[in-house]
Amino acid sequence: MKLWINKQNLQGNIQVPGDKSISHRSIMFGALANGTTTITHFLRADDCLGTLAAFQKLGVKIEDDGEKVKVHGKGFAGLEAPDGPIDVGNSGTTIRLLMGILTGARIPAVLFGDSSIARRPMNRVMLPLKEMGASIAGKDDSEFAPLTIRDNGKLQAITYDMPVASAQVKSAIILAGLQAEGETVIHELEKTRDHTEQMIRQFGGTIQTEGKTIRVTGNQTLTGQTITVPGDISSAAFFLAAGLLAENSEIHLENVGINPTRTGILDVIEQMGGSVEQANPSTHQGEPSADLIVRTSELHGTEISGSLIPRLIDEIPVIALLATQAEGTTVIKDAAELKVKETNRIDAVAAELTKLGARIEPTEDGLIIHGKTALHGANVTSYGDHRIGMMLQIAALLVTSGEVELDKAEAVSVSYPAFFADLEKLIHQ
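Every chain's residues receive numbers from 1 upward, in the order its sequence appears when written. Residues qualify for local features only when their pLDDT is at least 70, as the model is predicted, and side-chain atom pairs are given and counted only at 80 or more; totals for whole chains, interfaces and linings, by contrast, use all residues. Hydrogens and water molecules were not included; the side-chain quantities draw on all heavy atoms of the structure.

In the annotation of an unreviewed UniProt entry, the entry for the protein chain reads 3-phosphoshikimate 1-carboxyvinyltransferase, and the organism field reads Listeria grayi DSM 20601. UniProt positions are given in the numbering used here, feature names are shortened, and annotations may be inferred rather than shown by experiment. Heading Sequence similarities (unreviewed entry) of the UniProt record for the protein chain holds this comment: "Belongs to the EPSP synthase family." Under the UniProt heading Catalytic activity (unreviewed entry), the entry covering the protein chain gives this text: "3-phosphoshikimate + phosphoenolpyruvate = 5-O-(1-carboxyvinyl)-3-phosphoshikimate + phosphate".

The following block contains the structure:
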């Protein structure tokens, strides 16, 4: 599809869709709890709708009237074996967290997804679950989907040192630990997003966190809740970039989640000299949110590394775009996890922004971006990765010559079906 190009004076208010991570987990915990869970501002995008459908296949009654989602929980023991394989689509969160839930609940199942899921590494979840006693195997005894889960008997708690900084891996182990005998202890490599821990507490469970150590006991009972999902800061990130980079712009983003484990992009924008103001702060069920007001800013290069990376891992593609328009050099490192996302985001970001005229070098664990560079038109692709697709549309706003044609634009519907429509509102204020 042809993208909007060479746009300035972006003005208006946007309510970004519900947080993807929290929406996934609200369905999961609602299903595992006793009683009814009511969810407002649920993200109705491909990934989260896939999670909803997966739990319907597991025997959970879920109603969606377009305004609210009601999950009639069955408890850990109430899940039913599905009548066929479960399709997780493009969602790494769905398949990895289901692994922890199903092995703990002793539910036999087959999990599969699209071609991207079939390439993503699963040993990072399979190995700790096997230590707990899970019976789980990938295709042809590999680590890759389709995954076959068998009734493995009761899981046993373990102490596990995380080799990677991954909220999905951590959450899968926690969800298994909630159903295991004894106390499961997890030592994180770096602190990652803590929505699972927050939701356990919200649903009446107990979990202890101290620094990078997490402790959870088994045989817990959860109770249904009322959940309001804040706006997704990962979706807001694209409009933050648009507001910073398009001339004479001011964009108001309403009710965006600002959980401290997710706000690395706000720290980076501040490091680069950008202007983002917070207003109307509030907290619901332990999850803080605020309105974000972003204005056109002059940016300068910075270094992004270490413990900051897990707090902005999904925003790195759009941060790389910011860096192309900043004075000086930006270095992103310690981000090798980008290689095993929906696509190899290190190579994809470098290749597509280079087509548009950026000076950017991929490294083993990140990117080196030389700014400030003018961008021009080109034919680009999302590689089927929603975050690459949205980043390229924001980049197209800045091109000064030519057109930008995006292949596989439909990937955006994975997390933000109304993205192009919301952007159009800002263009035509």
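Caption draft 1: Representation of the UniProt feature "domain: Enolpyruvate transferase" (unreviewed entry) in the protein chain in the model. Taken from the UniProt record, the annotation "domain: Enolpyruvate transferase" (unreviewed entry) applies to residues 7–423. Put simply, DSSP H or I for four residues or longer makes a helix, DSSP E for two residues or longer makes a strand, and each gets a number counted from the N terminus. Helix makes up 30% of residues 7–423 and strand 25%, and the two end C-alpha atoms of the span are 11 Å apart.

Caption draft 2: The arrangement of the domain arrangement of the protein chain in detail. Domain delimitation in this document rests on an assignment produced automatically or drawn from a domain database. You can read the domains of the protein chain as domain 1 (11–17 + 230–428) and domain 2 (20–228). On a C-alpha basis, the centroid separation for the pair domain 1 and domain 2 is 28 Å. Sorting the residues of domain 1 by area buried against domain 2 places Gln285, Glu342 and Val414 first, and these three jointly supply 24% of that buried surface. Salt bridge criterion: a side-chain nitrogen from Lys or Arg within 4 Å of a carboxyl oxygen from Asp or Glu. Counting every contact that joins domain 1 to domain 2 gives 2 salt bridges. A salt bridge links Glu337 to Arg124; its shortest N-O distance comes to 2.4 Å. Any N or O atom pair separated by 3.5 Å or less is treated as a polar contact, with the protein-specific requirement of one donor-capable and one acceptor-capable atom, and with residues adjacent in sequence counted only for side-chain atom pairs. At the boundary of domain 1 and domain 2, one finds 14 residue pairs in polar contact (both at pLDDT 80 or more). In this classification, Asp, Glu, Lys and Arg are treated as charged, Ala, Val, Leu, Ile, Met, Phe, Trp, Tyr, Cys and Pro as nonpolar, and every other residue, Gly included, as polar. Partitioning the side of domain 1 that touches domain 2 into residue classes produces 9 nonpolar, 10 polar and 8 charged. The term buried area means the drop in 1.4 Å probe accessible area that two parts suffer when joined, counted for both and summed.

Caption draft 3: Structural context of the pattern of salt bridges. In this structure the tally under the stated criterion is 26 salt bridges. The closest approach of N and O atoms between Glu277 and Arg295, which form a salt bridge, is 3.3 Å. Residue Glu277 is found in strand 15 (residues 275–284), and its partner Arg295 is found in strand 16 (residues 287–295); the two are separated by 18 residues along the sequence. The structure contains a network of salt bridges with shared partners spanning Arg193, Asp314, Lys341, Glu342, Arg345, Asp385 and Arg387.

Caption draft 4: Broad picture of the environment of Leu312. Secondary-structure assignment places Leu312 in the loop between strand 17 (303–304) and helix 9 (316–324). Partly exposed describes any residue whose relative accessible area lies between the buried limit of under 20% and the exposed limit of over 50%, with all areas from a 1.4 Å probe on protein chains only and scaled to the type maximum. Here Leu312 falls in the buried class, since its relative accessible area comes to 0%. Taking the C-alpha atoms as reference points, Leu312 and Leu79, 233 residues apart in sequence, are found 34 Å from one another. With residues near it in sequence (within four places) discarded, Leu312 still touches Gly264, Ile265, Val268, Ile304 and Ile319. What makes two residues a contact is simply this: any of their non-hydrogen atoms within 4.5 Å.

Caption draft 5: How the structure looks around the packing of aromatic side chains. What counts as a ring pair is set by centres within 6.5 Å for rings of Phe, Tyr and Trp (its six-membered ring), and what kind of pair is set by the plane angle: stacked under 30 degrees, edge-to-face over 60, tilted for all other angles. Enumeration according to the criterion identifies 6 aromatic pairs in this entry. With a centroid separation of 5.8 Å and 35° between ring planes, the pair formed by Phe29 and Phe203 is classed as tilted. Of this pair, Phe29 sits in helix 1 (residues 20–32) while Phe203 is found in the loop between helix 6 (195–202) and strand 11 (208–210), placing the two residues 174 residues apart along the sequence. Judged on exposure class, the residue Phe29 and its partner Phe203 are both buried. By way of ring pairs, the aromatic residues Phe238, Phe239, Tyr416, Phe419 and Phe420 are connected into one cluster.

Caption draft 6: Structural context of the sheet that holds strand 15. DSSP calls a pair of strands paired once it identifies at least 2 bridges connecting them. Spatially, 1-14-16-15 is the arrangement adopted by the 4 strands of the open sheet, whose pairing is mixed. Edge positions in the sheet fall to strand 1 (11–14) and strand 15, since each has one partner strand and no second. Across this sheet, the average inter-strand angle for adjacent strands is 15°, counted without regard to direction. Pairing between strand 15 and strand 16: 8 bridges, direction antiparallel. Opposite Gln278, over in strand 16, you have Leu292 as the bridge partner. Axis angles are defined between N-to-C directions and span 0 to 180 degrees, where every axis is a line fitted to C-alpha atoms and, for a helix, only to the segment in contact.

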